Amino acid sequence: MPGTGTTADVGLAVSDRWHHRGAGTLLLEHLASLARADGITEFGAEALSENRDVLKVLADLVLSSSLAGYMSWWRGS
């Protein structure tokens, strides 16, 4: 739940030339690992509903074996 001290907003921009090459996923995985070590268990993120690539990356990150059952996402307003 936002505001509990265990949540953080996340923002990421990846240059067009690095799209679909795993750069965003790798950056988010590293960020999640560092955040988890600091007690963060939930990220907030905003993405356009038509940006299916970003939404899939966020969903896949939560389901990855290293974060399953530990890290979740909530969508900001």
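Residues numbered from 1 in each chain as written. Predicted model: local features only at pLDDT ≥ 70, side-chain atom pairs only at ≥ 80, totals over all residues. Heavy atoms only, no water.

**Student:** Explanation requested: the overall build of the chain in the structure shown.
**Tutor:** Looking only at helices and strands, one finds 2 helices and 3 strands in the chain. When its helices and strands are written in sequence order, the chain yields β-α-β-α-β. The buried share of the chain, taken over its 77 residues, is 25%. The long-range fraction of contacts in the chain, counting pairs at least 24 apart against all pairs at least 6 apart in sequence, stands at 70%. Carbon and sulfur atoms make up 56% of the accessible area of the chain, which amounts to about 5,500 Å² in all. (Helix = DSSP H or I, 4+ residues; strand = E, 2+ residues; numbered from the N terminus. Buried < 20%, exposed > 50% of the residue type's maximum accessible area, 1.4 Å probe, protein only. Contact = heavy atoms within 4.5 Å. Areas by Shrake-Rupley, 256 points an atom, 1.4 Å probe, with all protein chains shown as cover.)

**Student:** Please explain the nonpolar core as it appears in this structure.
**Tutor:** One recurring pattern in soluble globular proteins is that nonpolar side chains are buried together. Counting residues in each nonpolar core, the largest one holds 9 residues, listed as V10, L28, A32, A35, I40, F43, A45, L58 and L61. Secondary structure elements with two or more residues in this core: helix 1 (23-37), strand 2 (42-45) and helix 2 (52-63). Sorting elements by how many residues they give to this core places helix 1 first, with 3 residues. (Core = buried A, V, L, I, M, F, W, Y, C linked by side-chain atoms within 4.5 Å.)

**Student:** Please clarify how the confidence of the model for the chain should be interpreted in this entry.
**Tutor:** When pLDDT is averaged across the chain, the result is 76; 74% of the residues are at 70 or more. When mean pLDDT is taken per element in the chain, helix 1 scores highest with 87 and strand 3 (residues 72-75) scores lowest with 56. (pLDDT = per-residue confidence, 0-100.)

**Student:** Looking at this model, I keep getting lost on the pairing of strand 2. Mind explaining?
**Tutor:** Put simply, side chains in a regular strand alternate between the two faces of the sheet. Of the two faces of strand 2, the one holding E42 and G44 and the one holding F43 and A45 are both buried throughout. Looking at chain direction, strand 1 (residues 7-9) and strand 2 are connected through 3 bridges and run parallel. Paired with D9 across the strands is G44, a residue of strand 2. Handedness of the β-α-β unit built from strand 1, helix 1 and strand 2 comes out right-handed. (Pairing = 2+ DSSP bridges. Right-handed = clockwise from strand over helix to strand, strands pointing away.)

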